[in-house]
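Given next are the chains, with one letter for each unit.
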Amino acid sequence: MIIKGEIGKSIQIITSFDMSAYTSLYIEAVPPSGRENVKQFTASLGQALTNVTLEDGTVIASVPVNQSMKYTTLLASDLDEIGTWTCVGVYINTNAGHHYKSLPTVINVLDD
C-alpha cells in the first residue's frame, strides 16, 4: 500500500528475463488519468525475493536479483494521483541491442 505523495516507498517489478547486463533500467508508471501523463523512474536491480504472491494469487518460490528491478519514491510528486497505477519495467542493453518490457504490475495509491 502506498499513500499519495509518500516518500521512501519501493516499487518492485519482477521480470522473466536476466537483466544483469543492463545499460539502462527504468519503470514506466501510468497514472489513473492515463497514458498521456506517464512517468519514468530510473530503476536499479532489485533484490532476491522468496515466496512472492502475484495479483492473480500465483506464488513464485524465488526470484533471483537479476530478474527484479526497483525504484524508491524520492519526491511527493512521484505518485501524485489516487487510484490504480500500471507499472512496467523496461530493460535496455544497448551493447547487445536488447530492449525488453516486463508484464504490467498494478499499484494502488490511496488518499491519506
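In this text, all values refer to a predicted model and were calculated from it rather than measured experimentally.

Each value, and the rule that gives it
Residues numbered from 1 in each chain as written. Predicted model: local features only at pLDDT ≥ 70, side-chain atom pairs only at ≥ 80, totals over all residues. Heavy atoms only, no water. Buried < 20%, exposed > 50% of the residue type's maximum accessible area, 1.4 Å probe, protein only. Helix = DSSP H or I, 4+ residues; strand = E, 2+ residues; numbered from the N terminus. Pairing = 2+ DSSP bridges. pLDDT = per-residue confidence, 0-100. Salt bridge = Lys/Arg side-chain N within 4 Å of Asp/Glu carboxyl O. Phe/Tyr/Trp six-rings, centres within 6.5 Å; stacked < 30°, edge-to-face > 60°.

What about the pairing of strand β4 (residues 39-42)?
Part 1 of the argument: Of the two faces of β4, only the one carrying K39 and F41 is buried; Q40 and T42 on the other face are not.
Part 2 of the argument: Where strand β3 (residues 24-30) meets β4, 4 bridges bridge the pair, whose relative direction is antiparallel. For A29, the partnering residue across the bridge sits in β4 and is K39.

Some points on the pairing of strand β11 (residues 105-110)
Part 1 of the argument: In terms of strand pairing, strand β1 (residues 2-3) meets β11 through 2 bridges, oriented parallel. The residue of β11 that forms the bridge with I2 is V109.
Part 2 of the argument: Relative to β11, strand β9 (residues 83-93) runs antiparallel, the two being bridged by 5 bridges. Its bridge partner being in β11, T86 is matched across the sheet by V106.

Some points on the confidence of the model for the chain
Part 1 of the argument: Scored by pLDDT, the chain has a mean of 90; 99% of the residues are at 70 or more.
Part 2 of the argument: No element of the chain has a lower mean pLDDT than strand β6 (residues 49-53), which averages 80, and none a higher one than β4, which averages 96.

Some thoughts on the pattern of salt bridges
Part 1 of the argument: This model, assessed by the stated rule, comprises 3 salt bridges.
Part 2 of the argument: Connected through shared salt-bridge partners, E28, R35 and K101 make up one network.

Description of the packing of aromatic side chains
Part 1 of the argument: Evaluated as defined, the whole model comprises 4 aromatic pairs.
Part 2 of the argument: Consider the rings of F41 and Y71, whose centres lie 4.5 Å apart with planes at 10°: the pair is stacked. Placement of F41 in strand β4 and of Y71 in strand β8 (residues 68-72) is noted, with a sequence separation of 30 residues between them. No difference in accessibility class separates F41 from Y71, as the two residues are buried.
Part 3 of the argument: Ring geometry for Y91 and Y100: centres 5.7 Å apart, planes at 5°, overall stacked.
Part 4 of the argument: Among the residues examined, Y91 registers a relative accessible area of 3% and is labelled buried.
Part 5 of the argument: Of the residues examined, Y100 reaches a relative accessible area of 35% and is grouped as partly exposed.
Part 6 of the argument: Ring pairing ties together the aromatic residues F17, Y91 and Y100, which thus form one cluster.

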